Amino acid sequence: MAASEVSAKTHDAICRGVDQIQDEMISFLQELVRVPTVNPPGEVYREGAELIGRQLKEFGYETSYITAEGLKEHTPAHPRVNVFGQMKGITDRPSLHFNGHFDVVPVGDGWTRDPFAATIEDGRMYGRGVSDQKAGIAASIFAIEAIRRAGLKLRGTVEQSGSVDEESGGFAGVAYLAQQGWLGKDKNDYVIITEPTDTNRIYLGHRGVYWFKVTTHGRIAHGSMPYLGVSAIDHLADFLHGVTHELKPRLATRKTEIPVEPPKSRYASINVNAVFGGQPEKGTQTPCVADRSGAIFDRRFLTEEPFEQVRGEIAEMLEQYKAEDPEFQYTLEDLMVVHPVQTDKNCDLVQTLAESIQQMTKTEAVYAASPGTYDQKHVVRIANVAQCVAYGPGLLAQAHLPDEYCVIEDIVTSAKVMALTAVQLLGLE
Ligand SMILES: [Zn+2]
């Protein structure tokens, strides 16, 4: 069903439905914010999952709790509990899955309000995780309920999941759900991840990440006769110099065609996460030439850069140092690779969402991509669902800040966009 086929009457019924359910949605969100699901270490996940699960059940979903059995982060003290709800329509397909992570980052300093009180002031709700991204969870659950209360019945199937550990990679969350078949192309056509993107922005994907470790190996000797040894630190310094003065300027010329926000993140980049080597900083110092040193790097790469090239560029630099100095011994180790993902702008999901944004906000949808990654990588790479985007209330700029807030009106608007999108994608009886 195309947007134009949704009658004005249906459109109004959806808007009224969301307006009428607004107070319930906001008090549910307050309850959810008051459960301090802080990650790390992954506090009170079970309570968080059960709060979402109870609400889904009350609204007619069949619910299941999925614990990440067998993963090392799933411990008795901090169990990794996800929740899944399914509301079958008249037909199994199409099927629209809303996913939101309910873990939040630690509070940090600088708060002027109680981070878990969910207080409302001047039309904003304050609290850790309000924008990132408990408001998104509330919006998608109540968007679908608003349709039902408006007396409409969806033809296709709706699913909602609340997942854990997004802030630490999502392995016990969305990745696990996908591996266990709760999310997958055999059952899902569309996935909307309700991360904060503002009311009119659609995140099509994210850049790639390559974390790697370079270790240089020297030869130990007495520090008073350094010429007898080979300093691993000197060799690391040579490589770091190359990274700063050759590689960085080269990366700064590579720009993606994808509308990454903020725009400065449209360029390839590299950052040094850590350096190590020689004597421990706080230990007793002895005169030694360091035989081992190294650094850990965070390279962000573009859709236009094949990973083999990204890794090859680093390996080539190292080989060049070795060619110039046979005593330059090193190892290169991959720590983490996240490939970039990007959903086709012209697919049904994106176009339908864009039309709903246009109708509900009276502004054009903005297409963007995230400078960092989020759970879309698992949906695309493990669940193999190609039509996946992020859309939800709140501002990415608010995420992880002190005094994090979300504008209540934006939650209502996003819920209307989600409801209209669901009606358009799944059809009505
Ligand atoms: Zn998030």
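It should be emphasised that the depicted structure is a prediction, and the values quoted were computed from it without experimental measurement. Along each chain, numbering runs from 1 in the same order as the chain's sequence is written. Only residues with pLDDT of 70 or above have their local features reported here, since the model is predicted, and side-chain atom pairs are shown and tallied only from 80 upward, although totals for entire chains, interfaces and linings are computed over all residues.

Secondary structure counts use DSSP, requiring at least four H or I residues in a row for a helix and at least two E residues in a row for a strand, with both numbered from the N terminus. Broken down by element type, the protein chain carries nine helices and 16 strands. Principal-axis analysis of the C-alpha atoms gives the protein chain an extent of 85 × 40 × 40 Å. Contact criterion: two residues are in contact if their C-beta atoms, reconstructed from the backbone, are within 7 Å. Sequence-distant contacts, at least 24 apart, represent 80% of the contacts inside the protein chain between residues at least 6 apart.

This part takes up the nonpolar core. Joined through C-beta atoms within 7 Å, a set of buried Ala, Val, Leu, Ile, Met, Phe, Trp, Tyr and Cys residues constitutes a nonpolar core. Field definition: a residue is buried when 20 or more other C-beta atoms are found within 10 Å of its C-beta, exposed when 12 or fewer are, and partly exposed for counts in between, with C-beta atoms placed from the backbone. If you look at the biggest cluster of nonpolar residues, it comprises 91 residues, and the most contacted ones within it are Ala138, Val389, Ala415, Ala419 and Ala422. Sorting elements by how many residues they give to this core places helix α9 (residues 408-426) first, with twelve residues. Apart from residues lying up to four places away in sequence, Ala422 is in contact with Leu96, Ala143, Ile144, Ile147, Leu154 and Val158.

Moving on, we come to helix α5 (residues 232-251). Between its first and last C-alpha, α5 extends 26 Å over 20 residues, near the 28 Å set by a 1.5 Å rise per residue. The largest bend along α5 reaches roughly 35° and is located at Val243. At its buried positions, α5 is contacted by β9 (208-217), β10 (269-277), β11 (292-301) and α6 (307-324). The span you would expect from a helix comes to 1.5 Å times its residue count less one. Two axes are fitted around each residue, one to the seven residues ending there and one to the seven starting there, and the angle between them is reported as the bend at that residue.

Further remarks concern the environment of Leu332. Tracing the chain through its elements places Leu332 in strand β12 (residues 329-338). Through-space distance from the C-alpha of Leu332 to that of Phe59 is 52 Å; in sequence the pair is 273 residues apart. Contact partners of Leu332, with chain neighbours within four places excluded, come to Phe212, Val214, Ile314, Ala315 and Leu318.

What follows is about the domain arrangement of the protein chain. Partitioning the protein chain into structural domains gives domain 1 (3-206 + 340-426) and domain 2 (208-338). The partner domain 2 presents twelve residues to the eight residues of domain 1 that form the contact. Of all the elements, strand β14 (residues 366-370) adds the most residues to the side of domain 1 that touches domain 2, at three residues. Residue ranges assigned to the domains are those given by an automatic or database domain assignment.

So, about the sheet that holds strand β16 (residues 405-407). Spatial ordering of the open sheet is given by β4-β5-β16, a layout of three strands whose pairing is antiparallel. Each of the sheet's edge strands pairs with one partner strand only, and the pair in question is β4 (120-121) and β16. Here, a strand pair is defined by DSSP locating no fewer than two bridges between the strands. Where strand β5 (residues 124-126) meets β16, three bridges bridge the pair, whose relative direction is antiparallel. Bridge pairing in β16 links Tyr126 to Tyr405. To get an axis, fit a line to the C-alpha atoms, keeping to the stretch in contact for a helix; angles then go from 0 to 180 degrees between the N-to-C directions. Of the strands in this sheet, β5 and β16 are in contact with α9, which crosses β16 at around 60°.

Another aspect to go through is helix α1 (residues 8-33). The end-to-end C-alpha separation of α1 is 35 Å, in line with the 38 Å expected for 26 residues at 1.5 Å each. At Gln22, α1 shows its strongest bend, of approximately 50°. Taken together, the buried positions of α1 are occupied by Ile14, Gly17, Val18, Ile21, Met25, Phe28, Leu29, Leu32 and Val33. Those residues of α1 that are buried lie in contact with α2 (45-58), β5, α3 (130-149) and α9.

Taken in spatial order, the four strands of this open sheet run β10-β11-β9-β12, and their pairing is antiparallel. At either end of the open sheet lies a strand with only one pairing partner, and these are β10 and β12. Strand after strand, the sheet turns through a mean of 15° between neighbouring axes, direction not considered. Alignment of β9 against β12, held across nine bridges, turns out to be antiparallel.

Our next topic: the pairing of strand β8 (residues 201-206). Most of β8 is tucked away: five of the six residues are buried. Here five bridges tie β8 to β14, and the two strands are oriented parallel to one another. Across the sheet, the residue bridging to Tyr203 is Ala368, located in β14. When β8 meets strand β13 (residues 341-342), the two strands line up antiparallel, connected through two bridges. If you follow Gly205 over to β13, its bridge partner there is Gln342.

This paragraph deals with unusual backbone geometry. Excluding glycine, residues mostly carry a negative phi; peptide bonds, for their part, are mostly trans. With omega at -5°, the peptide bond leading from Asn39 into Pro40 counts as cis. A cis amide bond links Glu261 to the next residue, Pro262, at an omega of -5°. Along the chain, Pro262 falls in the loop between α5 and β10. Notably, Ala118 is not glycine yet its phi reads approximately 55°, a positive angle.

On to the packing of α1 against α3, then. Between α1 and α3, the shortest axis-to-axis distance is 8 Å and the interhelical angle comes to 140°. Taken together, the axis directions place α1 and α3 in an arrangement best described as oblique. Like other packed secondary-structure pairs, α1 and α3 cross with a definite hand, here right-handed. For the pair formed by α1 and α3, the contact residues are Ile14, Gly17, Val18, Gln20, Ile21, Glu24, Met25, Phe28, Leu29, Leu32 and Val33 on the first element and Val130, Lys134, Ala135, Ile137, Ala138, Phe142, Ala143, Glu145, Ala146, Ile147 and Arg149 on the second. Working definition: roughly parallel below 35 degrees, roughly antiparallel above 145 degrees, roughly perpendicular at 65 to 115 degrees, and oblique for all remaining angles. Take the far helix as your reference; a near helix turned counterclockwise from it by less than a right angle gives a left-handed crossing, and one turned clockwise gives a right-handed crossing.

Position of Asp114 among the secondary structure elements: in the loop between β3 (95-101) and β4. Separated by twelve residues in the primary sequence, Asp114 and Tyr126 have C-alpha atoms spaced 8.3 Å apart.

Along the chain, Thr373 falls in the loop between β14 and α8 (376-381). Overall, Thr373 belongs to the buried group, with 21 C-beta atoms counted inside 10 Å. Each residue touching Thr373, except ones within four places of it in the same chain, is listed here: His206, Val209 and Val338.

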